[in-house]
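# Summary of the model geometry
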Amino acid sequence: MRKQKELPRAVVGEECAYESGEYGAVELAIDETGLWASYCQNDTHGNIVLSRLDLYSLEPRRTYHSTLHRNWLYNSFVACGVYYGIRHYERGNKLVIKV
(Lines give C-alpha, C1' and ligand atoms only; values in the text may rest on other atoms or scores of the structure.)
Protein backbone atom coordinates (compact mmCIF):
# COMPACT_ATOMS: atom_id res chain seq x y z
CA MET A 1 0.00 0.00 0.00
CA ARG A 2 1.26 3.48 -0.80
CA LYS A 3 -0.03 6.69 0.76
CA GLN A 4 0.90 10.27 0.12
CA LYS A 5 -0.08 13.41 1.99
CA GLU A 6 1.11 17.00 1.88
CA LEU A 7 1.99 18.57 5.23
CA PRO A 8 0.69 22.13 5.63
CA ARG A 9 3.34 24.81 4.91
CA ALA A 10 6.21 22.29 5.04
CA VAL A 11 9.54 23.63 3.76
CA VAL A 12 12.37 21.56 2.34
CA GLY A 13 15.80 22.55 1.08
CA GLU A 14 18.32 25.11 2.33
CA GLU A 15 15.89 26.87 4.67
CA CYS A 16 15.61 23.73 6.76
CA ALA A 17 19.10 22.20 6.67
CA TYR A 18 20.92 20.36 9.44
CA GLU A 19 24.21 21.65 10.84
CA SER A 20 25.97 18.99 8.76
CA GLY A 21 24.80 20.83 5.65
CA GLU A 22 22.39 18.05 4.73
CA TYR A 23 19.34 19.69 3.24
CA GLY A 24 16.21 19.35 5.24
CA ALA A 25 13.25 17.32 4.24
CA VAL A 26 10.29 15.83 5.96
CA GLU A 27 11.72 13.04 8.08
CA LEU A 28 9.55 10.17 9.23
CA ALA A 29 10.07 8.08 12.34
CA ILE A 30 7.99 5.41 13.97
CA ASP A 31 8.06 4.38 17.59
CA GLU A 32 5.70 2.65 20.02
CA THR A 33 3.51 5.80 20.22
CA GLY A 34 2.98 6.26 16.48
CA LEU A 35 4.25 7.72 13.24
CA TRP A 36 6.06 11.06 13.49
CA ALA A 37 7.03 13.69 10.94
CA SER A 38 9.81 16.18 11.67
CA TYR A 39 9.96 19.21 9.37
CA CYS A 40 10.07 23.00 9.12
CA GLN A 41 7.26 25.31 8.10
CA ASN A 42 7.67 28.52 6.13
CA ASP A 43 6.56 30.62 9.10
CA THR A 44 8.84 28.98 11.72
CA HIS A 45 12.12 30.35 10.28
CA GLY A 46 13.91 27.00 10.45
CA ASN A 47 12.52 25.87 13.82
CA ILE A 48 11.49 22.24 13.92
CA VAL A 49 7.85 21.20 13.85
CA LEU A 50 6.98 17.69 15.02
CA SER A 51 3.65 16.08 14.13
CA ARG A 52 2.24 12.72 15.16
CA LEU A 53 0.43 11.37 12.11
CA ASP A 54 -2.55 9.07 11.84
CA LEU A 55 -1.24 5.77 10.48
CA TYR A 56 -4.07 5.37 7.98
CA SER A 57 -4.94 8.85 6.76
CA LEU A 58 -1.51 10.48 7.43
CA GLU A 59 -3.36 13.51 8.82
CA PRO A 60 -1.50 15.29 11.65
CA ARG A 61 -3.14 14.22 14.94
CA ARG A 62 -1.04 16.46 17.16
CA THR A 63 1.56 19.06 16.21
CA TYR A 64 4.31 20.53 18.38
CA HIS A 65 6.22 23.70 17.48
CA SER A 66 9.71 23.69 18.96
CA THR A 67 12.22 26.43 19.57
CA LEU A 68 14.99 24.21 18.19
CA HIS A 69 16.48 25.57 15.00
CA ARG A 70 17.29 22.71 12.66
CA ASN A 71 20.72 24.03 11.71
CA TRP A 72 21.73 23.76 15.39
CA LEU A 73 21.37 19.98 15.13
CA TYR A 74 23.50 17.34 13.48
CA ASN A 75 20.60 14.89 13.33
CA SER A 76 17.49 13.89 15.31
CA PHE A 77 15.22 10.97 16.16
CA VAL A 78 12.06 10.08 18.09
CA ALA A 79 11.87 7.35 20.75
CA CYS A 80 9.08 6.68 23.24
CA GLY A 81 7.27 9.80 22.08
CA VAL A 82 10.26 12.03 22.89
CA TYR A 83 12.09 14.07 20.25
CA TYR A 84 15.89 13.99 20.57
CA GLY A 85 18.15 16.46 18.78
CA ILE A 86 21.79 15.47 18.37
CA ARG A 87 24.51 18.12 18.51
CA HIS A 88 28.20 17.61 18.05
CA TYR A 89 31.29 19.70 18.44
CA GLU A 90 35.01 19.17 18.61
CA ARG A 91 36.99 19.61 21.81
CA GLY A 92 40.67 19.41 21.04
CA ASN A 93 41.02 16.27 18.99
CA LYS A 94 37.83 14.64 20.34
CA LEU A 95 34.41 14.62 18.76
CA VAL A 96 31.72 15.16 21.41
CA ILE A 97 28.13 14.18 20.69
CA LYS A 98 25.28 15.44 22.88
CA VAL A 99 21.70 14.24 22.83
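Every value quoted in this text rests on a predicted model; they were computed, and no experiment measured them. (Residues numbered from 1 in each chain as written. Predicted model: local features only at pLDDT ≥ 70, side-chain atom pairs only at ≥ 80, totals over all residues. Heavy atoms only, no water.)

## A look at the overall build of the protein chain
For the protein chain, the helix and strand inventory stands at zero helices and eight strands. Taken from N to C terminus, the helices and strands of the protein chain fall in the order β-β-β-β-β-β-β-β. Sorting the 99 residues of the protein chain into buried and exposed places 34% on the buried side. As displayed, the protein chain has an accessible area near 6,900 Å², and 51% of this comes from carbon and sulfur atoms. (Helix = DSSP H or I, 4+ residues; strand = E, 2+ residues; numbered from the N terminus. Buried < 20%, exposed > 50% of the residue type's maximum accessible area, 1.4 Å probe, protein only. Areas by Shrake-Rupley, 256 points an atom, 1.4 Å probe, with all protein chains shown as cover.)

## Digging into a nonpolar patch on the surface
A cluster of nonpolar side chains, contributed by Val 12, Val 26 and Leu 28, occupies part of the molecular surface with about 270 Å² of accessible area. Mapping Val 26 onto the fold places it in the loop between strand S1 (10–11) and strand S2 (27–31). (Patch = residues over 30% accessible without salt bridge, like charges linked within 9 Å, V, L, I, M, F, W, Y side chains within 5 Å. Salt bridge = Lys/Arg side-chain N within 4 Å of Asp/Glu carboxyl O.)

## Description of the pattern of salt bridges
Once the charged atoms of two side chains with opposite charge are near each other, the side chains can pair. Within this structure, the stated rule accounts for three salt bridges. The salt bridge involving Glu 59 is made with Lys 5; its shortest N-O contact spans 2.4 Å. In this pair, Glu 59 is assigned in the loop between strand S4 (47–53) and strand S5 (60–69) and Lys 5 in the segment before S1, connecting sequence segments 54 residues apart. Residue classification places Lys 5 among the partly exposed positions, given a relative accessible area of 40%. We note a salt bridge from Arg 61 to Asp 54, for which the minimum N-O separation is 3.5 Å.

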